[in-house]
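Chain by chain, the residues run as shown.
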Amino acid sequence: MNLLLINGPNLNLLGTREPDVYGSTTLSILESDLTEYAQSKNMQLDCFQSNAEHQIIETIHAYAKKVDGVIINPGAFTHTSIAIRDAFLGTQLPFIEVHISNVYQRESFRHKSYLSDIAKGCIIGLGVKGYYLALDAFS
């Protein structure tokens, strides 16, 4: 099985950005450890991060025929991006939405997701462990 991991805006700052909310694991460590975990399950994982909405959309399009599913933490685009939603609908790629923090314990504007209702599943508030659970859900 081939999967794509997408991390959205500001997730490149993991490990230094609000560690009380997001923890101390950096994105590079998360990607490396998750890639190894995928390999242990005979899965291939490609990783991508961008702060730019159009790059995330183009990546979804480019991987549509190359992967069996996507694990995505869309960051703030969760609450704003109809375009990312449309990219998933257009490609019909199954995906699992992951959030490190519990968005429902945060500001009210974070309570609305444009992706949750079309996602295969959502994992919210379990820290970086949520990424591993999403990968397990695809295995």
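Before reading further, recall that the structure is shown in the block above.
Residues numbered from 1 in each chain as written. Predicted model: local features only at pLDDT ≥ 70, side-chain atom pairs only at ≥ 80, totals over all residues. Heavy atoms only, no water.

Caption draft 1: Fine view of the layout of surface pockets. If you add up the space inside the largest pocket, you get close to 160 Å³. Taken together, 15 residues form the lining of the largest pocket, with Arg17, Tyr22, Gly75, Ala76 and Arg110 sitting closest to its centre. Split into classes, the residues belonging to the lining of the largest pocket amount to six nonpolar, six polar and three charged. (1 Å grid on protein atoms, 1.4 Å probe; cavity = no way out; pocket = protein on both sides within 12 Å on 5 of 7 lines; lining within 4 Å. Points joined across faces, edges and corners; volume = space filled by probe spheres on them. Nonpolar A, V, L, I, M, F, W, Y, C, P; charged D, E, K, R; others polar.)

Caption draft 2: Here's a closer look at the packing of aromatic side chains. Within the structure shown, the criterion is met by two aromatic pairs. For the ring pair Tyr37 and Tyr132, a centre distance of 5.2 Å and an interplane angle of 75° mean the geometry is edge-to-face. Of the two residues, Tyr37 sits in helix α2 (residues 27-40) while Tyr132 sits in helix α5 (residues 129-138), which places them 95 residues apart along the sequence. The partly exposed category is assigned to Tyr37, whose relative accessible area is 25%. For the pair Phe88 and Phe95, a centre-to-centre distance of 4.0 Å together with 25° between the ring planes defines the contact as stacked. The same class applies to Phe88 as to Phe95, namely buried. The residue whose ring lies beneath Lys66 is Tyr63, and the NZ or CZ to ring-centre distance is 5.6 Å. (Phe/Tyr/Trp six-rings, centres within 6.5 Å; stacked < 30°, edge-to-face > 60°. Helix = DSSP H or I, 4+ residues; strand = E, 2+ residues; numbered from the N terminus. Buried < 20%, exposed > 50% of the residue type's maximum accessible area, 1.4 Å probe, protein only. Lys NZ or Arg CZ within 6 Å of the ring centre and 35° of its normal.)

Caption draft 3: The arrangement of the sheet that holds strand β1 (residues 2-7) in detail. With respect to topology, five strands assemble into an open sheet ordered β2-β1-β3-β4-β5, the strand pairing being parallel. Of all the strands in the sheet, just β2 (44-49) and β5 (121-124) have a single pairing partner and so form its edges. Across the sheet, the mean angle from the axis of one strand to that of its neighbour is 15°, orientation sign disregarded. (Pairing = 2+ DSSP bridges. Axes fitted to C-alpha atoms, helices over the stretch in contact; angles between N-to-C directions.)

Caption draft 4: Spotlight on the pairing of β1. Extensive coverage of β1 is indicated by the burial of five of its six residues. Bridge analysis of β1 against β2 gives six bridges, and the strand direction is parallel. Along β2, the bridge assignment pairs Asn2 with Gln44. Two elements, β1 and strand β3 (residues 69-73), share five bridges in a ladder whose sense is parallel. The partner of Leu4 across the bridge, within β3, is Val70.

Caption draft 5: How the structure looks around the pattern of salt bridges. Applying the stated criterion across every chain, the model contains two salt bridges. With its nearest N and O atoms 3.4 Å apart, the salt bridge here joins Asp136 to Lys41. With Asp136 in helix α5 and Lys41 in the loop between α2 and β2, this residue pair connects regions lying 95 residues apart in the sequence. Since its relative accessible area comes to 28%, Asp136 is described here as partly exposed. Two residues, Arg85 and Asp117, come together in a salt bridge whose shortest N-O distance is 2.6 Å. Taken as a pair, Arg85 in helix α4 (residues 82-91) and Asp117 in the loop between β4 (95-99) and β5 lie far apart in primary sequence, 32 residues in all. (Salt bridge = Lys/Arg side-chain N within 4 Å of Asp/Glu carboxyl O.)

Caption draft 6: Main features of unusual backbone geometry. The backbone of Asn10 shows a phi angle near 70°, a positive value even though the residue is not glycine. Note that Asn10 resides in the loop between β1 and α1 (19-22). Look at Gln92: it is not a glycine, yet its phi comes out positive at around 60°. As for its placement among the helices and strands, Gln92 is situated in the loop between α4 and β4. By relative accessible area, which is 69% here, Gln92 ends up exposed.

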